[in-house]
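Residue-level structural notes
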Amino acid sequence: SSEYIMSHQTQRMLKRNWIVTAAYGNTEPKIAVTITFKQHLYLDGRTLHINKSEIRRFIRKLHNQVNRKLLGNAFKRYKRKVFLLAAIEGGGKTDKRLHCHLSIGIKNAPNGFLDWFKNVLRRSEWVDEQVKLKPLLTKTDEATWHYYLGKQYVDLNLLHLNRSKQQ
């Protein structure tokens, strides 16, 4: 029936399936990242609260740092970017702390990349201690993680598939 097709649950399922299928076309190795954010900071006698806009800004900055690290001059010269899939969760009425889940392509990652990445996260003022990094070693790992990311709010403005054909 048309009620079923237009239901929120059906749309969410179709979106999740689209995300997994679209991400499947990218063949570069990836890491799964979960970052929990400090919900507020005290700066100059003021209390700043994290919000989804600030998290989007953080993810864009992080993506640019990873692009520079992995792609060097090709990032600026040819506007190449590594794969990124980002989902922001929590806040509002969910009673969960704001956090994000990422899938990041790490093609041609040098030795020590994960240590470098952890240090970048540690230096961020918004990142809390709860950070998880896990290499996605198989296509099944990737599909499972990408399906999990699609459970709530995938920010399509942050999505960068970087299909293998373009490389």
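Refer to the preceding data block for the structure.
Cut-off values and rules
Residues numbered from 1 in each chain as written. Predicted model: local features only at pLDDT ≥ 70, side-chain atom pairs only at ≥ 80, totals over all residues. Heavy atoms only, no water. Phe/Tyr/Trp six-rings, centres within 6.5 Å; stacked < 30°, edge-to-face > 60°. Lys NZ or Arg CZ within 6 Å of the ring centre and 35° of its normal. Helix = DSSP H or I, 4+ residues; strand = E, 2+ residues; numbered from the N terminus. Buried < 20%, exposed > 50% of the residue type's maximum accessible area, 1.4 Å probe, protein only. Core = buried A, V, L, I, M, F, W, Y, C linked by side-chain atoms within 4.5 Å. Contact = heavy atoms within 4.5 Å. 1 Å grid on protein atoms, 1.4 Å probe; cavity = no way out; pocket = protein on both sides within 12 Å on 5 of 7 lines; lining within 4 Å. Points joined across faces, edges and corners; volume = space filled by probe spheres on them. Nonpolar A, V, L, I, M, F, W, Y, C, P; charged D, E, K, R; others polar.

This part covers the packing of aromatic side chains. One pass over the structure, following the stated rule, counts four aromatic pairs. Of the aromatic side chains, those joined through ring pairs into one cluster are Phe113, Trp116 and Phe117. Taking the ring centre of Phe83 as reference, the NZ or CZ of Lys30 above it sits at 4.9 Å.

Next up on the list: the environment of Asn67. Structurally, Asn67 can be placed in helix 3 (residues 52–71). Assessed through its relative accessible area of 0%, Asn67 is described here as buried. Residues Asn67 and Leu41, 26 residues apart in the sequence, show an inter-C-alpha distance of 28 Å.

Here Gln11 shows up in helix 2 (residues 8–24). Along the primary structure Gln11 and Glu28 are separated by 17 residues, whereas in three dimensions their C-alpha atoms are 28 Å apart.

In this structure, Ile35, Phe37, Ile59, Leu102, Ile104 and Phe117 are the most contacted members of the largest nonpolar core, which totals 31 residues. Mapped onto this core, the elements with two or more residues apiece are strand 1 (30–37), helix 3, helix 4 (73–77), strand 4 (84–89), strand 5 (99–105) and helix 5 (113–123). Counting residues per element, this core draws most heavily on helix 3, which supplies seven residues. In this structure Ile35 touches Phe58, Leu62, His99, Cys100, Leu102, Leu121, Val127 and Gln130, once residues within four positions along its chain are discounted. Ala22, Leu136, Trp145 and Leu149 belong to the second-largest nonpolar core, a separate cluster that totals 13 residues.

Empty space within the largest pocket amounts to approximately 230 Å³. Within the residue set of the lining of the largest pocket, elements represented by two or more residues are helix 3 and helix 5. The dominant element in the lining of the largest pocket, judged by the number of residues it contributes, is helix 3, at six residues. The residue inventory of the lining of the largest pocket, partitioned by class, reads four nonpolar, two polar and five charged.

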